[in-house]
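Descriptive structure summary
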Amino acid sequence: MKISVIGCGYLGAVHASAMAELGHEVVGIDVDAAKIAALSAGKTPFFEPGLPEVLTSAMASGRLRFSTDIADAAGAAVHFVAVGTPQKKGSHAADLSYVDAAVEALLPHMAAGDLIVGKSTVPVGTAARLAAVITASGSGATLAWNPEFLREGFAVQDTIAPDRLVYGVPAGEAGERAVAQLNEVYASAIATQTPLVVTDYATAELVKVAANAFLATKISFINAMAEIAEVSGADVTQLADAIGYDSRIGRRFLNAGVGFGGGCLPKDIRAFTARAEELGRGESVAFLKEVDAINMRRRQRVVDLTVTALDRPVYNAKVAVLGLSFKPHSDDVRDSPALDVAVQLRGLGANVVATDPQAIENSRTRHPQLNYETDLEVTLRGASAVVLVTEWPEFKAIDPVWAATLVETPTIVDGRNTLDAAKWRAAGWTYYGLGRP
Ligand code: NAD
């Protein structure tokens, strides 16, 4: 199939490359000329495992190209809209101006029978509004909403072999045609019996935000238990293991720590709350404000724990911060708890030296005031405390005996409860976890 992908960020660049890898002829379009220049040269503008290989192979096949000109979408039958929907400045609502602009820009290039497919995460009601705009344009195009569930760090695999597909389509013949077109796009996933939910626009939009709200709630639930464990002497890790054995609960997403971040979960739960309030049902998801508040308190907890753990005043104390990205296997620092902790400690006067396998450049752009170091040994040398805030495998693999020879004071705050506390203590470290004695 001939496909265009509008917006080539974390979602769109992966989607365009993966669709070409699956055999489609794809053009990826973005307004960011630097991003398009990089992609056209076969370079990924961000770190995502497996993407360089897929991009290179798709470019070599001749099935993938990139452009800054929206007119290049003409001739494709299916047009994915994968532009950003960030949090509006000064509000919790989603900024839909990029989605609106992308659809407006596409319309003059649509032919009758073309399918415009929304992939961006949007507040419920957006698709119905855009469908009316598309109908009024007289372009003959149809709109479908096909929310994306990929996880950064596993984005290529999640796109090529998703765990489910959701199509929000209009009623009637136009909807049936849209389903047939999407089934052709996702032929390989359909052939392997990937669960498929065909529904209306509103349900498709809500599935995405409901999934993110559930995951955020699960994380904040265990972090709330960590808060109680901290004042009662219980161990939240053992608690999570014990409740996780209940198959109705499950152990995944029950890791207490510094909390969630990134370009999706925080802004999606806030936008959901804002949209529910607009719809007069703010009380239905009012608990998400608490989920958000618990999450933000955990960052503060790691900062406070570090200050308490120091055997000297925080001012000018060297604090080694391990991790900047919001999760391992990503260079994404949008709303990253790790970067937030580093910035807050710096704000208290600590001499923060931060390291990360992939996210230093993105962090430096946002917070040039921090000291960044690529070398782990240099990061640790002379530190009065070490704070682990992103569970990269290279940090988990640190030998505590070796690390103890480098630091001034062997004190570690494990903001992800990911280290073997007994092993670190045996190597002479004072170990602090979250919600653990
Ligand atoms: P991003 O900021 O990395 O990428 C968005 C891209 O859209 C940018 O490159 C920007 O230049 C481009 N863009 C903006 N306006 C444009 C226009 N008018 N025409 C063409 N390009 C335009 O964001 P992202 O992380 O890729 O997220 C995109 C959407 O996907 C969001 O709604 C997000 O919530 C959703 N989503 C993201 C993920 C994820 O893991 N990143 C997962 C699922 C869903």
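This is a predicted model, so every value here is computed, not measured.

Description of the overall build of the protein chain
Each helix and strand counted, the protein chain has 18 helices and 14 strands in total. Its C-alpha atoms give the protein chain a radius of gyration of 23 Å, near enough to 22 Å, the size a compact globule of 437 residues would have. Summarising its shape, the C-alpha atoms of the protein chain cover approximately 70 × 50 × 40 Å along the three principal directions. Expressed as a percentage of the 437 residues in the protein chain, the buried residues total 48%. Of the contacts formed within the protein chain by residues at least 6 apart in sequence, a portion of 71% connects residues at least 24 apart.

Topic: the site of the ligand
Around the ligand sit 27 residues in total, of which Gly7, Gly9, Leu11, Ser120 and Thr121 are the nearest. Per-class residue counts for the shell around the ligand are 14 nonpolar, 8 polar and 5 charged.

Describing the nonpolar core
Grouped together as the largest cluster of nonpolar side chains are 84 residues, with contacts concentrated most on Val5, Ile6, Val14, Val81 and Ala144. Counting residues per element, this core draws most heavily on helix 9 (residues 201-232), at 10 residues. Taken together, domain 1 (2-199) and domain 2 (209-292) each give at least three residues to this core, which thus spans both. If we skip the residues at most four places from it in the chain, Ile6 touches Ile29, Ala73, His79, Phe80, Val81, Ala82, Val83, Ala102 and Leu106. In this structure, Ala338, Val341, Ala403 and Val413 belong to the second largest nonpolar core, which totals 39 residues.

Focus on the domain arrangement of the protein chain
The domain boundaries assigned to the protein chain delineate domain 1 (2-199), domain 2 (209-292) and domain 3 (299-432). Spacing between the C-alpha centres of domain 2 and domain 3 amounts to 24 Å. Between domain 2 and domain 3, the residue contacts involve 10 residues of the former and 15 residues of the latter. Among the residues making up the side of domain 2 that touches domain 3, the classes are represented as 3 nonpolar, 7 polar and no charged.

Concerning the packing of helix 1 (residues 10-21) against helix 3 (residues 51-60)
The geometry of helix 1 relative to helix 3 is characterised by a closest axis approach of 9 Å and an angle of 55° between their N-to-C directions. Judged on the interaxial angle alone, helix 3 and helix 1 are oblique. When you trace helix 1 past helix 3, the crossing you get is left-handed. Contact residues: helix 1 offers Val14, Ser17, Ala18, Ala20 and Glu21, while helix 3 offers Leu51, Val54, Leu55, Ser57 and Ala58.

Structural notes on unusual backbone geometry
Phi is positive for Phe253, which is not a glycine, with a value near 65°. Residue placement: Phe253 occurs in the loop between helix 10 (236-244) and helix 11 (265-278). The backbone of Asn316 shows a phi angle near 70°, a positive value even though the residue is not glycine. You can see Asn316 is positioned in the loop between helix 12 (287-309) and strand 9 (318-322). Given 10 C-beta atoms within a 10 Å radius, Asn316 is considered exposed.

Describing the UniProt feature "binding site: substrate" (unreviewed entry) in the protein chain
Taking the numbering used here, the UniProt-annotated feature "binding site: substrate" (unreviewed entry) corresponds to Phe149, Leu150, Arg151, Glu152, Lys208, Phe253, Leu254, Asn255, Ala256, Gly257, Gly261 and Lys327. These annotated residues cover 179 residues of sequence, and their C-alpha atoms sit far apart, with the largest distance between any two at 24.3 Å. With respect to the helices, strands and loops of the structure, Asn255 is situated in the loop between helix 10 and helix 11. Excluding residues that lie within four positions of it along the chain, Asn255 makes contacts with Ile222, Ala240 and Asn417. Here Gly257 is to be found in the loop between helix 10 and helix 11. Contact partners of Gly257, with chain neighbours within four places excluded, come to Gly415, Arg416, Asn417 and Leu434.

Observations regarding helix 7 (residues 173-185)
Between its first and last C-alpha, helix 7 extends 19 Å over 13 residues, near the 18 Å set by a 1.5 Å rise per residue. Buried residues of helix 7: Ala178, Gln181, Leu182 and Val185, and no others. With its buried residues spanning 95° around the axis, helix 7 presents them on a single face. Facing away from the buried surface of helix 7 by more than 90 degrees, the exposed residues are Glu173 and Ala180. At its buried positions, helix 7 is contacted by strand 1 (2-6), strand 4 (78-81), strand 5 (115-118), strand 6 (142-145) and strand 7 (165-168).

A short note on the UniProt feature "active site" (unreviewed entry) in the protein chain
Under the feature "active site" (unreviewed entry), the UniProt entry names Cys264. Position of Cys264 relative to the elements: it lies in the loop between helix 10 and helix 11. Sequence-distant contacts of Cys264, that is, excluding residues within four places in its chain, are made with Thr121 and Asn212.

Side note on the pairing of strand 12 (residues 385-388)
Neither face of strand 12 is open: one carries Ala385 and Val387, the other Val386 and Leu388, and all of them are buried. Where strand 9 and strand 12 come together, 4 bridges link them in parallel fashion. Residue pairing in the sheet places Val319 in a bridge with Ala385 of strand 12. Of the pairings in the sheet, the one linking strand 12 to strand 13 (residues 411-414) comprises 3 bridges and is parallel in character. Within the sheet, the bridge partner assigned to Val387 lies in strand 13 and is Val413.

Analysis parameters
- In every chain, residue numbers begin from 1 and rise along the written sequence.
- Totals for whole chains, interfaces and linings use all residues, but because this is a predicted model, local features are given only for residues with pLDDT of at least 70 and pairs of side-chain atoms are given and counted only at 80 or more.
- The way it works is that DSSP assigns letters per residue, a run of H or I at least four long becomes a helix, a run of E at least two long becomes a strand, and they are numbered from the N terminus.
- All radius of gyration figures rest on C-alpha atoms, and the globule criterion is 2.2 Å times the number of residues raised to 0.38.
- Partly exposed residues are those whose C-beta has more than 12 but fewer than 20 other C-beta atoms within 10 Å; 20 or more makes a residue buried and 12 or fewer makes it exposed, with C-beta atoms placed from the backbone.
- Any two residues are considered in contact once their C-beta atoms, placed from the backbone, lie within 7 Å.
- Residues are classed as near a molecule or strand if the C-beta position derived from their backbone is within 6 Å of it.
- Classes in brief: Ala, Val, Leu, Ile, Met, Phe, Trp, Tyr, Cys and Pro nonpolar; Asp, Glu, Lys and Arg charged; the others, Gly included, polar.
- Connectivity within a nonpolar core runs through C-beta atoms within 7 Å, and the core itself is a set of buried Ala, Val, Leu, Ile, Met, Phe, Trp, Tyr and Cys residues.
- Start and end points for every domain follow an automatic or database-based domain assignment.
- Here an angle of 0 to 180 degrees is reported between the N-to-C directions of two axes, which are lines fitted to C-alpha atoms, with helices fitted over the stretch in contact.
- Just so you know how the angles are binned, under 35 degrees is roughly parallel, over 145 roughly antiparallel, 65 to 115 roughly perpendicular, and the rest oblique.
- By definition, any crossing whose near helix is turned counterclockwise from its far helix by less than a right angle is left-handed, and any crossing with a clockwise turn is right-handed.
- UniProt positions are given in the numbering used here, feature names are shortened, and annotations may be inferred rather than shown by experiment.
- Expected span of a helix, by definition, is 1.5 Å for each gap between consecutive residues, and there is one gap fewer than residues.
- Here the arc refers to the set of directions running from the helix axis out to each C-beta atom.
- Pairing between strands requires that DSSP locate at least two bridges from one strand to the other.

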